[in-house]
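So the chains spell out like this:
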Amino acid sequence: MDKLLIEGGRRLAGEIAISGAKNAALPILCACLLTREPLVLDNVPALHDIGTMLKLLAQMGVKVEREGERVTLCAADLGEPVAPYELVKTMRASVLVLGPLVARCGEAKVSLPGGCAIGARPVDQHIKGLQAMGAEVNVDHGYVLAKSPRLKGARLFTDMVTVTGTENLMMAACLADGETVIENAAREPEVVDLAQCLISMGAQISGAGTDVIRIRGVASLHGAQHRIMPDRIETGTYLCAAAVTGGDVRLTGTSAGYLDSVVDKLMDAGCDITSEKSPSFEAIHIKAPSRLKAVSIRTAPYPAFPTDMQAQFMAINAVAEGTAIIRETIFENRFMHAVELQRLGADIRIDGNTAVVQGVARLQGATVMATDLRASASLIIAGLVAEGETIVDRIYHLDRGYEKIEQKFAALGANVRRAK
Ligand code: EPZ
């Protein structure tokens with residue numbers, strides 16, 4: 001099992017490029033199912049989860065071609081509209097084929113994703129929405145079985161803000177008969193990126209980025225070309241790594257525009273952050289103080305502070321000056337990185353969905369275990385400033401969501417290497 005070895009104490013400096021967004025690419029790959037024509041996608045990151053999704057789509061009969069960051073998908077001739085447990089259990093986002101398959105094929109058999117380390121993560125809202133659009137949906141032997149000769153436009157209201165729930169229902173509504181209104185919709189930039197891709201395919205969508213999205217169904221969609229947006233969580237992760245090491249780092253191919261809440265918190269912590277933007281180029285430059293001030297955070301749906309940045313902020317608060325209160329309101333079990341950070345000497349007390357982090361002067365390197373994608377990132381960030389060597393085990397989690405992570409950290413001067 002791969003592990004990362006990190007020698008702490010290096011200040012990060014230099015420039016790296018940010019990759020395309022995993023959480024935009026995953027739903028957009030599934031959008032290919034909505035048309036018989038080719039969908040050409042650029043800036044697709046080379047990640048394990050992307051590979052899993054491409055394997056799932058190919059298994060359904062989608063023709064997949066990959067040349068570097070460009071992926072061309074053609075769903076002209078689909079086979080069985082089935083997403084088997086063997087694939088879905090390795091990546092919950094596979095549930096994103098459900099809406100497109102029902103809309104395109106009139107039926108779908110998709111394995112229930114099951115829970116993961118950070119929570120139960122049910123898909124009841126995805127199912128409720130499809131039922132409201134006239135689909136007959138049953139859950140049988142661990143599979144969601146959905147059928148509908150043609151979905152009907154409906155007014156949908158999700159009980160909570162759900163990113164992939166909004167995405168699944170928005171894709172299903174594109175080919176429905178009539179208008180669908182999704183209320184309490186997720187406002188994440190990845191939802192907007194998906195909507196922009198669907199619109200380029202001929203979908204009639206308005207309101208993406210707000211909590212009310214209107215989709216007027218059309219008879220069919222056509223092929224298109226779309227460039228995946230930059231990964232704002234990868235961006236935030238490297239900003240935190242630069243911040244905690246007193247670094248001076250420039251991230252290209254990304255924008256602060258999707259990360260206002262994170263940039264605000266890093267500035268409160270004492271960092272100087274500037275954005276560069278021109279029609280053909282964008283970048284973020286961060287200069288950090290020798291020691292950060294503690295900043296409290298409370299996760300919530302976009303545009304509030306993203307839950308996917310919570311673990312990284314727990315790591316930077318572990319060595320900041322002062323005490324930080326971290327509240328996680330999205331997932332019920334997203335503090336597993338806390339016990340690993342405590343092994344490095346962090347002073348963290350957990351009380352339900354609240355963590356109290358008292359900054360310490362120094363962390364001590366140790367062997368720690370990654371439990372989920374963003375927790376893994378927080379352990380690397382902590383390892384960058386821990387005394388001596390930190391070994392992060394089970395880093396297959398990292399490869400799901402961070403492209404070329406040790407190369408990018410090495411390019412910034414970190415002493416990070418992979419070992420078996
Ligand atoms: C997306 O997950 C992201 N994944 C997650 O990123 C991210 O943490 C999450 O949104 C929140 O921003 C992708 O986009 C592929 P939700 P998703 O549905 O859509 C509950 C990462 O690290 N809920 O917005 O699965 C759910 O349990 C990953 O890249 C229901 O109860 O999250 C959670 O408590 C981790 N029923 C809350 O809503 C449902 O039907 C928000 O979940 C759906 C969701």
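Heads up: the structure comes first, above all this text.
Presented here is a report on the structure given in the accompanying data block. (Residues numbered from 1 in each chain as written. Predicted model: local features only at pLDDT ≥ 70, side-chain atom pairs only at ≥ 80, totals over all residues. Heavy atoms only, no water.)

## Observations regarding the side chain of R374
The test is simple: A helix here means a DSSP run of H or I that spans at least four residues, while a strand means a run of E at least two residues long, and both kinds are numbered starting from the N terminus. In this scheme, a residue with accessible area under 20% of its type's maximum is buried, one over 50% is exposed, and one in between is partly exposed, where area comes from a 1.4 Å probe on protein chains only. Asp and Glu are treated as the negative residues and Lys and Arg as the positive ones, with His and the ends of the chain left uncounted. Salt bridge, as applied in this entry: a Lys or Arg side-chain nitrogen positioned within 4 Å of an Asp or Glu carboxyl oxygen. Identification of polar contacts relies on pairs of N or O atoms within 3.5 Å, with a donor-acceptor requirement for protein atoms, meaning one able to donate a hydrogen and the other able to accept it, and with residues adjacent in sequence counted only if both atoms are side-chain atoms. Throughout, a contact is declared for two residues whenever any of their heavy atoms are within 4.5 Å.
Assignment of secondary structure puts R374 in helix α12 (residues 373–385). The buried charged residue R374 lacks any salt bridge, with D308 as its nearest oppositely charged partner at 4.4 Å. In terms of polar contacts, R374 uses its side chain to reach the side chain of Y402, at 3.0 Å. Ignoring sequence-local partners within four residues, the contact set of R374 consists of K22, N23, I233, D308, A311, Q312, R334 and Y402.

## A look at unusual backbone geometry
With an omega of 10°, the peptide bond between Y302 and P303 qualifies as cis. Here P303 lies in the loop between β18 (297–298) and α10 (310–318). One non-glycine residue, N43, lies in positive phi territory at about 65°. Following the sequence through the fold, N43 ends up in the loop between β3 (39–42) and α2 (48–59). The exposure class of N43 is buried, given its relative accessible area of 8%. At R394, a residue that is not glycine, the phi angle is positive and equals roughly 60°. Note that R394 resides in the loop between β25 (389–393) and α13 (396–399).

## Concerning the side chain of E328
In this structure, E328 sits in the loop between β19 (323–327) and α11 (336–343). Despite its burial, E328 pairs with no opposite charge; the closest candidate is R334, at 5.2 Å N-O. Within polar-contact distance, the side chain of E328 engages the side chain of T299 at 3.2 Å. A polar contact of 3.1 Å, which involves the side chain of E328, links it to the side chain of Q310.

## Observations concerning the sheet that holds strand β2 (residues 13–17)
Definition in use: A strand pair is defined by DSSP finding two or more bridges across the two strands. Working convention: axes come from line fits to C-alpha atoms, limited for helices to the stretch in contact. Angles between N-to-C directions cover 0 to 180 degrees.
On the basis of which strands lie adjacent, the open sheet formed by 4 strands has the order β2-β15-β17-β16 and mixed pairing. Lying at the two open borders of the sheet, with one neighbouring strand each, are β2 and β16 (272–278). In this sheet, neighbouring strand axes are inclined to one another by 15° on average, regardless of whether the strands run parallel or antiparallel. Running over the sheet, helix α8 (residues 232–244) touches β2, β15 (248–252) and β17 (281–287) and is turned about 30° from β17.

## A short note on helix α4 (residues 98–105)
Most of α4 sits out of view: 6 of its 8 residues are buried. Restricting attention to buried positions, one finds in α4 the residues L98, G99, P100, L101, V102 and A103. At its buried positions, α4 is contacted by α1 (22–30), β6 (82–83), β7 (107–111), α5 (124–132), β9 (143–147) and α6 (163–173). Just past α4, the residue G106 takes up positive phi, approximately 80°.

## Describing the state of the cysteines
What counts here: Working definition: a disulfide is two cysteine sulfur atoms within 2.5 Å of each other.
For the coordinates displayed, the defined rule picks out 0 disulfides. C32 takes part in no disulfide bond, and the closest cysteine sulfur, belonging to C30, lies 7.3 Å away. Residue C32 is classed as buried on the basis of its relative accessible area, which comes to 0%. C32 provides the cysteine sulfur closest to C197, a residue in no disulfide bond, and the two sulfurs are 9.7 Å apart.

## A word on the sheet that holds β7
If you trace the 4 strands from one edge of the open sheet to the other, you get β6-β7-β9-β8, paired in mixed fashion. For this open sheet the edge positions go to β6 and β8 (136–140), each flanked by a neighbour on one side alone. Docked against the sheet, α4 engages β6, β7 and β9, running at close to 160° with respect to β7.

## A closer look at the site of the ligand
This is how it is decided: Here, proximity means that at least one heavy atom of the residue falls within 4 Å of the molecule or strand. Using a 1.4 Å probe, the Shrake-Rupley method yields the accessible areas, and only the shown protein chains count as cover for residues. Charged residues are taken to be Asp, Glu, Lys and Arg, nonpolar residues to be Ala, Val, Leu, Ile, Met, Phe, Trp, Tyr, Cys and Pro, and polar residues to be all remaining types, Gly included.
The immediate surroundings of the ligand are formed by 22 residues, with Q125, T162, T164, D308 and I330 found nearest. T162 is positioned such that a nitrogen or oxygen atom in its side chain is 2.7 Å from an oxygen atom of the ligand. Coverage of the ligand by the protein chains reaches 88% of its 820 Å² of free accessible surface. Residue assignment for the shell around the ligand shows that the elements contributing at least two residues are α1, α5, α6 and α12. Tallied by class, the residues present in the shell around the ligand amount to 9 nonpolar, 6 polar and 7 charged.

## Here we look at the pairing of β16
Direction of pairing for β16 relative to β17: antiparallel, over a ladder of 7 bridges. The residue bridging K277 from the neighbouring strand is E282, located in β17. Taking the residues that link successive antiparallel strands as the turn, the β16-β17 hairpin has 2 residues.

Interpretation note: all reported values are geometric properties and have no functional meaning in isolation.
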